[in-house]
Amino acid sequence: MVKVLFVCLGNICRSPAGEATFNEIVKERGLQEYLQADSAGIMGWHVGKKPDPRTIKNAEKHGITITHLGKKLAKADLDDFDHIVVMDEKNFEDVHKFYYDTKGVPPPADKLFLIRDFDPTVRGVHEVIDPYYEGEEVFEEVFQILWRSNEALINFLVEKHHIVLPEEE
Ligand code: 4NP
């Protein structure tokens, strides 16, 4: 099982949507035995709480039920997850520092990714906008960014980890 941890600042807007869209695409493609996502926040403000109601409502619009409860990124996550996928450059810096401070070495090159590196509509460094102080339409924009980026991320992981569905053998 390849495990992916989505990380944002608060773990109530972007990363729960990242986790949910990833797991939905995995389900649609029949890859549940091979790929699995979870999510966590840099900060522990919302530990044990449901995601932002706008995140839940927007996912429901797409037929996706989010059951995740807030978590704070923990040291054990650095080993428990094969890949950590972040939303913006500040998240990247924070996780990179957390890894370095915990382990005394930087994360391996294939450990930490910015999700929009996989967004097929952009090139270069792009971020997933934080919708927390924005309107509901930004939650939909975030959902769309995460959906298309996760389709490409999953393609990448299938190749990288040599995942072959039984009927493709
Ligand atoms: P997220 O958004 O990092 O996408 O979950 C935020 C959620 C909460 C806060 C900031 C950003 N906050 O300040 O509580």
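Check the entry above for the structure.
Read on for an overview of the structure.

Cut-offs used in this document
Residues numbered from 1 in each chain as written. Predicted model: local features only at pLDDT ≥ 70, side-chain atom pairs only at ≥ 80, totals over all residues. Heavy atoms only, no water. Near = heavy atom within 4 Å. Polar contact = N/O pair within 3.5 Å; in protein donor to acceptor, adjacent residues only side chain to side chain. Areas by Shrake-Rupley, 256 points an atom, 1.4 Å probe, with all protein chains shown as cover. Pairing = 2+ DSSP bridges. Helix = DSSP H or I, 4+ residues; strand = E, 2+ residues; numbered from the N terminus. Axes fitted to C-alpha atoms, helices over the stretch in contact; angles between N-to-C directions. Buried < 20%, exposed > 50% of the residue type's maximum accessible area, 1.4 Å probe, protein only. Right-handed = clockwise from strand over helix to strand, strands pointing away. Parallel < 35°, antiparallel > 145°, perpendicular 65-115°, else oblique. Left-handed = near helix turned anticlockwise from the far one by under 90°. Contact = heavy atoms within 4.5 Å. Nonpolar A, V, L, I, M, F, W, Y, C, P; charged D, E, K, R; others polar.

**A short note on the site of the ligand**
For step 1, the next point in the chain: Inspection of the region around the ligand gives Cys-8, Leu-9, Gly-10, Asn-11, Ile-12, Cys-13, Arg-14, Trp-45, His-46, Asp-130, Tyr-132 and Tyr-133 as its neighbouring residues.
For step 2, the next point in the chain: With respect to the ligand, the backbone of Leu-9 contributes an N or O atom lying 3.0 Å from an oxygen atom.
For step 3, the next point in the chain: In the complex, 92% of the free accessible area of the ligand, which totals 360 Å², lies under the protein chains.

**Things to note about the sheet that holds strand β3 (residues 83–86)**
For step 1, the next point in the chain: Strand order in this open sheet of 4 strands is β2-β1-β3-β4, and the pairing throughout is parallel. Of all the strands in the sheet, just β2 (35–41) and β4 (112–114) have a single pairing partner and so form its edges. Strand-to-strand twist in this sheet, taken as the mean axis angle between neighbours without regard to direction, amounts to 25°.
For step 2, the next point in the chain: Taken together, the 7 bridges between strand β1 (residues 2–8) and β2 define a ladder with parallel strand orientation.

**Quick word on the pairing of β3**
For step 1, the next point in the chain: Residue alternation in β3 divides its side chains into two sets, His-83 and Val-85 and Ile-84 and Val-86, and both sets are buried.
For step 2, the next point in the chain: Across 4 bridges, the pairing between β1 and β3 is parallel. Paired with Val-4 across the two strands is His-83, which belongs to β3.
For step 3, the next point in the chain: Between β3 and its parallel partner β4, the chain crosses via helix α4 (residues 89–103), and the hand of that crossover is right-handed.

**Describing the packing of helix α1 (residues 14–28) against helix α5 (residues 136–160)**
For step 1, the next point in the chain: It is the contact of α1 with α5, at a shortest axis distance of 9 Å, that shows an interaxial angle of 50°. Taken as axis vectors, α1 and α5 run oblique relative to one another. The way α1 lies across α5 gives a crossing that is right-handed. Two secondary-structure elements touch here, α1 through Arg-14, Ala-17, Gly-18, Thr-21, Phe-22, Glu-24, Ile-25, Val-26 and Glu-28 and α5 through Val-142, Phe-143, Leu-146, Trp-147, Asn-150, Glu-151, Leu-153, Ile-154 and Leu-157.
For step 2, the next point in the chain: Each residue belonging to the contact of α1 with α5 can be placed in one class, and the counts come to 11 nonpolar, 3 polar and 4 charged.

**Describing unusual backbone geometry**
For step 1, the next point in the chain: A positive phi angle, close to 60°, is found at Asn-11, a residue other than glycine.
For step 2, the next point in the chain: Within the secondary structure, Asn-11 sits in the loop between β1 and α1.
For step 3, the next point in the chain: Residue Asn-11 is classed as buried on the basis of its relative accessible area, which comes to 1%.
For step 4, the next point in the chain: Although it is not a glycine, His-162 sits at a positive phi angle of roughly 50°.
For step 5, the next point in the chain: With a relative accessible area of 67%, His-162 lands in the exposed category.

**Notes on the side chain of His-68**
For step 1, the next point in the chain: Structurally, His-68 can be placed in the loop between α2 (53–61) and α3 (77–80).
For step 2, the next point in the chain: When its relative accessible area of 8% is taken as the criterion, His-68 is described as buried.
For step 3, the next point in the chain: A distance of 2.8 Å separates a polar atom in the side chain of His-68 from a polar atom in the side chain of Asn-11.
For step 4, the next point in the chain: Polar contacts involving the side chain of His-68 include one to the side chain of Glu-19, which spans 3.2 Å.
For step 5, the next point in the chain: Beyond its immediate chain neighbours, meaning those up to four positions away, His-68 contacts Asn-11, Glu-19, Asp-38, Ser-39, Lys-49, Lys-50 and Pro-51.

That's the geometry; what it means functionally is another story.
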